[in-house]
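# Architecture and fold: a report
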Amino acid sequence: MIAPLASVSLLGTTALLFEAPGELALASQQRIWSLAREAQAWPEVREAVPGMNNLMLTFMQTPRNEAALEALEARLHAAWDAAEALPLEGRVVELPVVYGGEGGPHMADVVLHTGLSVEEIVDLHSTPVYPVYALGSHPGYCYLGGMDPRIATPRRKVPVLSIPGGAVSIGGAQTGVSASAGPSGWNTIGSTSMSFFDPTQDPPAMLQPGDMIRFRVEGIVR
Amino acid sequence: MIEVLSSAALATVQDLGRTGSLRWGVGTSGAMDKLALAAGNLMLGNETNAAAIEVPVFPFKLRFGEDCAFALTGADCAARLDEQLLMPWWICQARAGQVLTLGLPQGGAQRGSRAMLCLAGGVDVPEVLGSRSTQLRGAFGGHEGRALRRGDVLRAAGAGRTCRTGFGLVPPALALPLQVDGVPAVRVLPAAEYLGFEEASRAAFWAGEWKITAQSDRYGYRLAGEALRPIAAMEMRSHGIVPGVIQVPHNGQPIIQMRDAQPSGGYPKFGTVIEADLWRLGQAPIGSRIRFVEASWDEAVAALDEVQAWLDKVRRIVDLHRSSPRRD
């Protein structure tokens, strides 16, 4: 959904969700990174967590009443209006992907939804260099920007109970690679191998917002 | 040393949760019933955040290899220390060699679903990213990053410590009851996509009973009830979420995110069960029914205060017991 205006909504008494207006785009995401950096310094904020064209703020102290909540929301809107793009340029990581077959069980669903052939989907998916917009979902998982809208495919009606680590998948207009096995509502079209997370390292995640991923076609299985 | 004698799956080491690593994709984990954890720890003179063993499947058995005080909170599971029947929400002293057995939760419709076994000094496992909670998805934290199994050996950090035992607490299910028409209830703050659902669906959400299906666990509770229909299909961009968020996938059957929830998601959000009531859900058994009550912001904040006031009261009661002259 493309909202014309920025909005703030509640995630219980635990957090606020700020959603930026407009399309998902690198320039807008760079403003999200900038907003995250600023909000992280506010005393009410435990953690500022960038999402895809949005930002979650978890509370260090829950605003004590509606007036305090509204004041925080107003501050967030003002900070967004003032936020300038924060260009982060990280490293480029290449991941070899086997598309389709056992490692890509939902390729058929993407074919069905897009009306494209497997080759066309693989070609469109492996062409861009994808900037890491945000981390989320599970330890080390990267949300990527820049997917070709022609291969966008809605999330599955019912989430799959477990997909393996290294699963390359499409959910709506986004694509990503799972860092470990677990449930997912996305369509898995291929698989790769890469270690994305090590809790003994600082930072524990291998990739950060601003880094980039390129998918190299290692094979296509039918 | 404490040895797990039972193969009962899904018991995990948990503290109050891992905050501050959401930006790396790391969810909070933590006890499903934080009141049971905090109160059990207070009884033992531990930090409220000390790690304990959360047991969701029964029977569960373990043997104490050394003397150790423990508090058993959460579900009343007809626990026995060797042959001695134990009171729920009670602090006890185990002697080396004694076997603790947790049976099926009892209490009819009021029964809980998870026992919390707190140990003197807390379960001694390393802190990972600031917490001792088990991160099942990331396979780190807790005991070797996984659920416990038969033969595992754990250590209580304060096993040798002298500790006043032999007293108990009134459980929060009795002290802080919340029901609607005789059905356990939790309070909800509407979330971003609430108004994107049909009016009839919104009415049905508040009026209906929701069954907690067998596909429910520490990650989330999948509910069954009248399908919630969006006015128009909503395809969201991935965004941060927290435990308590009620997502509605395309089939219209809501999923409540629980403590092992992902830190982000993309399904439309109907509302969020308030943090102050999440312990109630943590104790709701599979197959049971729950109701939802709409809360305002101020009511949700007041509910947090109420939980804090209960814990403060527990602290005072425990202080009285610990400072009173010994009778044994």
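Heads up: these notes are all about the structure in this document. (Residues numbered from 1 in each chain as written. Chains lettered and ligands numbered in written order. Predicted model: local features only at pLDDT ≥ 70, side-chain atom pairs only at ≥ 80, totals over all residues. Heavy atoms only, no water.)

In this section: the overall build of chain B. Helix and strand counts for chain B stand at five helices and 22 strands. Its C-alpha radius of gyration of 20 Å places chain B within 12% of the 20 Å reference for a compact globule of 328 residues. Each principal axis of the C-alpha atoms in chain B carries an extent, and together these give about 65 × 40 × 30 Å. Looking at chain B residue by residue over its 328 residues, the buried ones come to 58%. (Helix = DSSP H or I, 4+ residues; strand = E, 2+ residues; numbered from the N terminus. Rg over C-alpha atoms; globule rule 2.2 N^0.38 Å. Buried < 20%, exposed > 50% of the residue type's maximum accessible area, 1.4 Å probe, protein only.)

To continue, consider the overall build of chain A. Along its length, chain A carries four helices and 13 strands. Over its C-alpha trace chain A gives a radius of gyration of 18 Å, about what one expects of a compact globule, namely 17 Å for 222 residues. On the principal axes, the C-alpha backbone points of chain A span a range of 60 × 40 × 35 Å. The buried share of chain A, taken over its 222 residues, is 52%. Of the contacts formed within chain A by residues at least 6 apart in sequence, a portion of 61% connects residues at least 24 apart. Accessible surface, chain A as shown: approximately 9200 Å² in total, 55% of it carbon and sulfur. Positive and negative charge centroids in chain A, built from 13 and 22 side chains respectively, lie 2 Å apart. (Contact = heavy atoms within 4.5 Å. Areas by Shrake-Rupley, 256 points an atom, 1.4 Å probe, with all protein chains shown as cover. Lys, Arg positive; Asp, Glu negative; His and termini not counted. Charge placed at Lys NZ, Arg CZ, Asp CG, Glu CD.)

What follows is about the interface of chain B and chain A. The partner chain A presents 61 residues to the 50 residues of chain B that form the contact. Between chain B and chain A, a total of about 4600 Å² is buried, with carbon and sulfur atoms accounting for 58% of that surface. When residues of chain B are sorted by the area they lose upon contact with chain A, Arg137(B), Arg237(B) and Trp297(B) head the list and together hold 21% of the total. At the boundary of chain B and chain A, one finds two salt bridges. (Buried area = accessible area lost by both parts, 1.4 Å probe. Salt bridge = Lys/Arg side-chain N within 4 Å of Asp/Glu carboxyl O.)

The tendency in soluble globular proteins is for nonpolar side chains to be buried side by side. Judged by nonpolar contacts, the single largest core of 86 residues is most densely connected at Ile53(B), Phe64(B), Phe70(B), Leu100(B) and Leu102(B). The greatest single-element share of this core, amounting to nine residues, is contributed by helix H5 (residues 297–323) of chain B. Apart from the residues within four sequence positions on either side, Phe64(B) is in contact with Met1(B), Ile2(B), Phe70(B), Leu81(B), Ala94(B), Arg95(B), Ala96(B), Gly97(B), Gln98(B), Leu100(B) and Leu119(B). Among the nonpolar cores identified, the runner-up in size contains 32 residues, and Val132(A), Cys142(A), Leu144(A) and Phe196(A) belong to it. (Core = buried A, V, L, I, M, F, W, Y, C linked by side-chain atoms within 4.5 Å.)

What follows concerns the pattern of salt bridges. Oppositely charged side chains can pair when the atoms bearing their charge come close. Enumeration according to the criterion identifies 23 salt bridges over all chains in this entry. Ionic pairing is found between Arg222(A) and Glu119(A), a salt bridge with its closest N-O pair at 2.4 Å. Of the two residues, Arg222(A) sits in the segment after strand S13 (212–221) while Glu119(A) sits in helix H4 (residues 118–126), which places them 103 residues apart along the sequence. Ionic pairing is found between Lys269(B) and Glu193(B), a salt bridge with its closest N-O pair at 2.8 Å.

Before going further, it helps to examine the sheet that holds strand S2 (residues 15–19) of chain A. All names here are of chain A. In space, the four strands of this open sheet follow the order S1-S2-S4-S3, with antiparallel pairing throughout. In this open sheet, the two edge strands, each paired with only one partner strand, are strand S1 (7–11) and strand S3 (45–50). Strand-to-strand twist of the sheet, defined as the mean angle between neighbouring strand axes without regard to direction, takes the value 20 degrees. Bridging between S2 and strand S4 (residues 54–59) involves five bridges; their strand directions are antiparallel. The residue of S4 that forms the bridge with leucine 16 is leucine 57. Packed onto the sheet, helix H2 (residues 66–82) meets S1, S2 and S4 and runs at close to 35 degrees relative to S2. (Pairing = 2+ DSSP bridges. Axes fitted to C-alpha atoms, helices over the stretch in contact; angles between N-to-C directions.)

Glancing now at unusual backbone geometry. Cis geometry marks the peptide bond from Asp202(A) to Pro203(A); its omega dihedral reads 0 degrees. Residue position: Pro203(A) is located in the loop between strand S12 (187–191) and S13. In this chain, Phe58(B) is followed by Pro59(B) through a cis amide linkage whose omega measures 0 degrees. Tracing the chain through its elements places Pro59(B) in the loop between strand S3 (52–55) and strand S4 (60–64).

All right, on to the sheet that holds strand S6 (residues 129–135) of chain A then. All names here are of chain A. Spatial strand order, S5-S12-S9-S10-S7-S6-S13: seven strands in a closed barrel with mixed pairing. When strand polarity is set aside, the average angle formed by the axes of neighbouring strands in this sheet is 40 degrees. Pairing analysis gives nine bridges linking strand S5 (residues 92–100) to S13, with the strands arranged parallel. Bridging across to S13, proline 96 finds its partner in arginine 216.

Residue and element names in this part refer to chain A. With respect to burial, strand S9 (residues 167–171) is a largely interior element, five of its five residues being buried. Here S9 shows two buried faces, one formed by Ala167, Ser169 and Gly171 and the other by Val168 and Ile170. Relative to S12, S9 runs antiparallel, the two sharing four bridges. Bridge pairing in S12 links alanine 167 to serine 191. Where S9 meets strand S10 (residues 174–177), four bridges bridge the pair, whose relative direction is antiparallel. Note on S10: the bridge partner recorded for glycine 171 is glutamine 174. Counted along the chain from S9 to the antiparallel partner S10, the turn is two residues long, and its residue glycine 172 has a positive phi close to 60 degrees.

Rolled over the atoms, a probe as big as a water molecule pinpoints where empty space is left. Residues and elements named next belong to chain B. Scanning the entire structure with this criterion turns up two cavities of 30 Å³ or more. The volume enclosed by the largest cavity comes to roughly 100 Å³. Around the largest cavity sit 15 residues that line it, and Gln135, Arg137, Tyr219, Asp260 and Ala261 are the ones nearest its centre. Broken down by class, the residue content of the lining of the largest cavity amounts to six nonpolar, seven polar and two charged. What the second largest cavity holds in volume is close to 60 Å³. Lining the second largest cavity are Leu72, Thr73, Gly74, Ala75, Asp76, Cys77, Ala78, Ala79, Leu86, Met87, Pro88 and Trp89. Class assignment for the residues of the lining of the second largest cavity results in nine nonpolar, two polar and one charged. (1 Å grid on protein atoms, 1.4 Å probe; cavity = no way out; pocket = protein on both sides within 12 Å on 5 of 7 lines; lining within 4 Å. Points joined across faces, edges and corners; volume = space filled by probe spheres on them. Nonpolar A, V, L, I, M, F, W, Y, C, P; charged D, E, K, R; others polar.)

Another aspect to go through is the packing of aromatic side chains. Counted according to the given criterion, the structure contains 17 aromatic pairs over all chains. The ring of Tyr194(B) has Arg202(B) lying over it, and the distance from NZ or CZ to the ring centre is 5.6 Å. (Phe/Tyr/Trp six-rings, centres within 6.5 Å; stacked < 30°, edge-to-face > 60°. Lys NZ or Arg CZ within 6 Å of the ring centre and 35° of its normal.)

With that settled, the discussion passes to the layout of surface pockets. Taken as a whole, the largest pocket spans an internal volume of roughly 1100 Å³. Contributing to the lining of the largest pocket are 40 residues, with Arg46(A), Leu16(B), Lys34(B), Glu275(B) and Leu304(B) lying nearest its centre. Contributing elements (two or more residues each) for the lining of the largest pocket: S3 and S4 of chain A together with helix H1 (34–44), helix H4 (278–282) and H5 of chain B. Take the lining of the largest pocket: its biggest share by element is seven residues, from H5(B). Looking at the lining of the largest pocket residue by residue, the classes come out as 18 nonpolar, 14 polar and eight charged. Counted as a void, the second largest pocket has a volume near 760 Å³. Taken together, 32 residues line the second largest pocket, and the ones lying closest to its centre are Ala109(B), Gln110(B), Arg111(B), Gly112(B) and Ala173(B). Of all the secondary structure elements, the ones that give two or more residues to the lining of the second largest pocket are helix H2 (172–175), strand S14 (183–190), H4 and strand S22 (289–294) of chain B. Residue classes in the lining of the second largest pocket are distributed as 18 nonpolar, nine polar and five charged.

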